[in-house]
Amino acid sequence: MIVTTVCTACFDVLMALSPSQRWSAMRQFNVNILTEKAVIIICVGTIVILAISLYFITHKKTNKGHSISDKLFNDYVQSCGLSEYQSYLLSELARYLNLNKKELLFTLADVFDRGLQALTTSNWFMVKDQQNKQHLVEELTVLREKIGFDNESKFLNKTQKIEINQLSAGQELFISHSRTSNSSVIKAELVKNERNVLTVKTKEPSAIFSGQKWYVRFSFIECIWEFDVTVLSCYDNILVLSHNNSIRFASRRHFHTVETDLPGLIANFPFAKEVTVDDTAVSCLKKPEFVGVKVKKIAGPYLNIETNLKVAGGSRVVLIFAQVGQKKILQSIAVVKNVKENEDVFCALVELTVLTKTDMNELICMANAADSKPDMVQEQEEVEFNSPDFDEAAQEIKIGQEN
């Protein structure tokens, strides 16, 4: 403001002079050395002060922008229930993308995809072995779905979330040390759930001591959830654990695929359909028209079926099929995920919907009964409850960057 005022005043004075007066003033301009040095010092000092001021103003605006961006990022992390490791993966995506506004990873799917592409084409990723590459890609895929970019994702559905205090006795829990990624998983059964204290029973006595920090995982419908616990006491195979009732999403469940050949019935079941009735006195209500179906594979709530009924992707159907080795049938509404036609036979992948925890257990028991290698189910279940350690992953990324 001051500089502008001074410049304007000088300009007005110069404009008031005639050309001859300006030339005369220039010829008579004569200053001594001290005055000239003083003017130079003042000019240099002014320039330095303006440069420093500009630097601090720009730095302050940048820091303020980073602070707002970090706050938005942390708010998104908390609202999506991301773990520390998943938050770190998102930060790495932003770093490989040179993205200043990290919160855009939560709002723009193409930004997330570009960050994923930048990470998977980096030298750090390329030097990893195939197993680690696949595991990291799976983690990022689950993270993308959890943020909400996958329209098919269901594990952000609030109706599926439960609180730790709602876990009932008999719930199967998997306990593992929170700082060792390769630690063995201890299978336990919930005995008592009181306020913020859990009493669990393991099959065998475990080397667990009071004060240790562990984490507990359990499955609910299609998801695996986890929470941190502190060991209060350990006697023989009875553990007393405390928690703060803070639960977070861990990953999607990996269901064991079992080949079957179960008979059943299927019918199209759209929400609304047009029915033409000539006689107004006749009701337009009609029963669904069922045709035969064969259930070829079972993987949790997902079924591979073969039928002569014409079905389309995204349509709803009613599915009824027999349980293996028991006088029991299972029936549910299902959504067709994809379908292929082969000589008037429709081979479709369907997902059973509106399932409770009891329904899911029934499906898993059914798959286990049809499986010729039941030991593989237990093996796979224990593997899926292991997770990568945040500290180890961070150290590995750091080493990869240095190399």
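Parameters at a glance
- Residues numbered from 1 in each chain as written.
- Predicted model: local features only at pLDDT ≥ 70, side-chain atom pairs only at ≥ 80, totals over all residues.
- Heavy atoms only, no water.
- Helix = DSSP H or I, 4+ residues; strand = E, 2+ residues; numbered from the N terminus.
- Buried < 20%, exposed > 50% of the residue type's maximum accessible area, 1.4 Å probe, protein only.
- Contact = heavy atoms within 4.5 Å.
- Areas by Shrake-Rupley, 256 points an atom, 1.4 Å probe, with all protein chains shown as cover.
- Phe/Tyr/Trp six-rings, centres within 6.5 Å; stacked < 30°, edge-to-face > 60°.
- Lys NZ or Arg CZ within 6 Å of the ring centre and 35° of its normal.
- Axes fitted to C-alpha atoms, helices over the stretch in contact; angles between N-to-C directions.
- Parallel < 35°, antiparallel > 145°, perpendicular 65-115°, else oblique.
- Nonpolar A, V, L, I, M, F, W, Y, C, P; charged D, E, K, R; others polar.
- Pairing = 2+ DSSP bridges.
- Expected span 1.5 Å × (residues − 1).
- Arc of directions from axis to C-beta.
- Core = buried A, V, L, I, M, F, W, Y, C linked by side-chain atoms within 4.5 Å.
- Salt bridge = Lys/Arg side-chain N within 4 Å of Asp/Glu carboxyl O.
- pLDDT = per-residue confidence, 0-100.
- Polar contact = N/O pair within 3.5 Å; in protein donor to acceptor, adjacent residues only side chain to side chain.
- Patch = residues over 30% accessible without salt bridge, like charges linked within 9 Å, V, L, I, M, F, W, Y side chains within 5 Å.

## Topic: the overall build of the protein chain
Right, so step 1: Counting its secondary structure elements, the protein chain contains eleven helices and 13 strands.
Right, so step 2: Expressed as a percentage of its 403 residues, the buried residues of the protein chain come to 35%.
Right, so step 3: The contacts in the protein chain between residues at least 6 apart in sequence include a share of 62% that link residues at least 24 apart.
Right, so step 4: Per element, the accessible surface of the protein chain, about 25,400 Å² overall, is 56% carbon and sulfur.

## Section: the packing of aromatic side chains
Right, so step 1: Counting across every chain of the model gives one aromatic pair.
Right, so step 2: Directly above the ring of Tyr96 sits Arg95, whose terminal nitrogen or CZ lies 4.5 Å from the centroid.

## Side note on the packing of helix α4 (residues 84-96) against helix α6 (residues 109-120)
Right, so step 1: Where α4 meets α6, the closest approach of the two axes is 8 Å, and the angle between their N-to-C directions is 80 degrees. By the angle class used here, α4 and α6 are roughly perpendicular. Across the interface between the two elements, Leu90, Glu92, Leu93 and Tyr96 from α4 touch Phe112, Gly115, Leu116, Ala118 and Leu119 from α6.
Right, so step 2: For the contact of α4 with α6, a count of residues per class yields seven nonpolar, one polar and one charged.

## Notes on unusual backbone geometry
Right, so step 1: Positive phi is not limited to glycine here, since Asp236 has a value of about 55 degrees.
Right, so step 2: Within the chain, Val354 stands out as a residue other than glycine whose phi angle is a positive 55 degrees.
Right, so step 3: With respect to the element layout, Val354 can be found in the loop between β13 (345-352) and α9 (357-370).

## Brief notes about the pairing of strand β1 (residues 172-177)
Side chains on a regular strand alternate between the two faces of the sheet.
Right, so step 1: Sheet analysis places β1 next to strand β2 (residues 186-194), joined by four bridges and oriented antiparallel. Bridge pairing links Ile175 to Ile186 in β2.
Right, so step 2: Where β1 and strand β4 (residues 213-220) come together, four bridges link them in antiparallel fashion. Opposite His177, over in β4, you have Trp214 as the bridge partner.

## A word on α9
Right, so step 1: Its 14 residues place the ends of α9 20 Å apart at the C-alpha level, agreeing with the 20 Å of an ideal helix rising 1.5 Å per residue.
Right, so step 2: Of all the positions in α9, only Met360, Leu363, Met366 and Ala367 are classed as buried. The arc enclosing the buried residues of α9, seen along the axis, measures out at 120 degrees, which places them on a common side. Exposed residues pointing more than 90 degrees away from the buried face of α9 are listed as Thr358 and Ala369.
Right, so step 3: Buried residues along α9 sit in contact with β8 (258-268), β9 (291-299), β11 (316-322), β12 (329-342) and β13.

## A closer look at the nonpolar core
Right, so step 1: Of all hydrophobic cores here, the largest spans 27 residues; its most connected members are Leu303, Ile305, Leu319, Phe321 and Val350.
Right, so step 2: Contributing elements (two or more residues each) for this core: β8, β9, β10 (302-307), β11, β12, β13 and α9.
Right, so step 3: Each residue touching Val350, except ones within four places of it in the same chain, is listed here: Pro301, Tyr302, Leu303, Ile305, Leu319, Ala334, Val335, Val336 and Lys337.

## Quick word on the pattern of salt bridges
Right, so step 1: Taken as a whole, this structure holds seven salt bridges when the rule is applied.
Right, so step 2: Its salt-bridge partner being Lys328, residue Glu362 comes within 3.2 Å of it at the nearest N-O pair. Residue Glu362 is located in helix α9, and its partner Lys328 is located in the loop between β11 and β12; the two are separated by 34 residues in the primary sequence.

## Topic: α4
Right, so step 1: In a regular helix each residue adds 1.5 Å, so 13 residues correspond to 18 Å; α4 covers 19 Å between its end C-alpha atoms and thus fits that length.
Right, so step 2: For α4, the set of buried residues is Tyr85, Gln86, Ser87, Tyr88, Leu89, Leu90, Glu92, Leu93 and Ala94.
Right, so step 3: Positioned one or two residues after α4, Asn98 has a phi angle of 55 degrees, which is positive.

## Things to note about the sheet that holds β13
Right, so step 1: With antiparallel pairing, the six strands of this closed barrel are ordered in space as β8-β9-β10-β13-β12-β11. Averaged over all neighbouring strand pairs, the angle between strand axes comes to 45 degrees, with direction disregarded.
Right, so step 2: Bridging between β10 and β13 involves six bridges; their strand directions are antiparallel. Paired with Glu306 across the bridge in β13 is Cys347.
Right, so step 3: Against the sheet, α9 contacts β8, β9, β11, β12 and β13, and its axis sits at roughly 135 degrees relative to β8.

## Digging into the confidence of the model for the protein chain
Right, so step 1: With 75% of its residues at a pLDDT of 70 or more, the protein chain shows a mean pLDDT of 76.
Right, so step 2: The low-confidence segment residues 151-160 (pLDDT under 50) makes 23 contacts with residues lying over four places distant or belonging to another chain.
Right, so step 3: Here residues 387-398 is a poorly scored stretch, pLDDT under 50, and it has 23 contacts once near neighbours within four places are set aside; other chains count.

## Comments concerning the side chain of Ser87
Right, so step 1: Among the secondary structure elements, Ser87 is positioned in helix α4.
Right, so step 2: Ignoring anything within four residues of it in the chain, the contact list for Ser87 reads Phe73 and Val77.

## Brief notes about the side chain of Glu226
Right, so step 1: Looking at the element boundaries, Glu226 is found in strand β5 (residues 223-235).
Right, so step 2: Look at Glu226 and you get buried, because its relative accessible area is 8%.
Right, so step 3: Polar side-chain contacts of Glu226 include one of 2.7 Å to the side chain of Arg217.
Right, so step 4: When neighbours within four sequence positions are excluded, Glu226 is seen to be in contact with Ser83, Tyr215, Val216, Arg217, Ser246, Ile247, Arg248 and Ala250.

## Things to note about a nonpolar patch on the surface
Right, so step 1: A surface patch of nonpolar side chains, about 590 Å² in accessible area, is lined by Ile40, Val44, Val48, Ile52, Tyr55 and Phe56.
Right, so step 2: Checked against the element boundaries, Val44 lands in helix α3 (residues 33-80).

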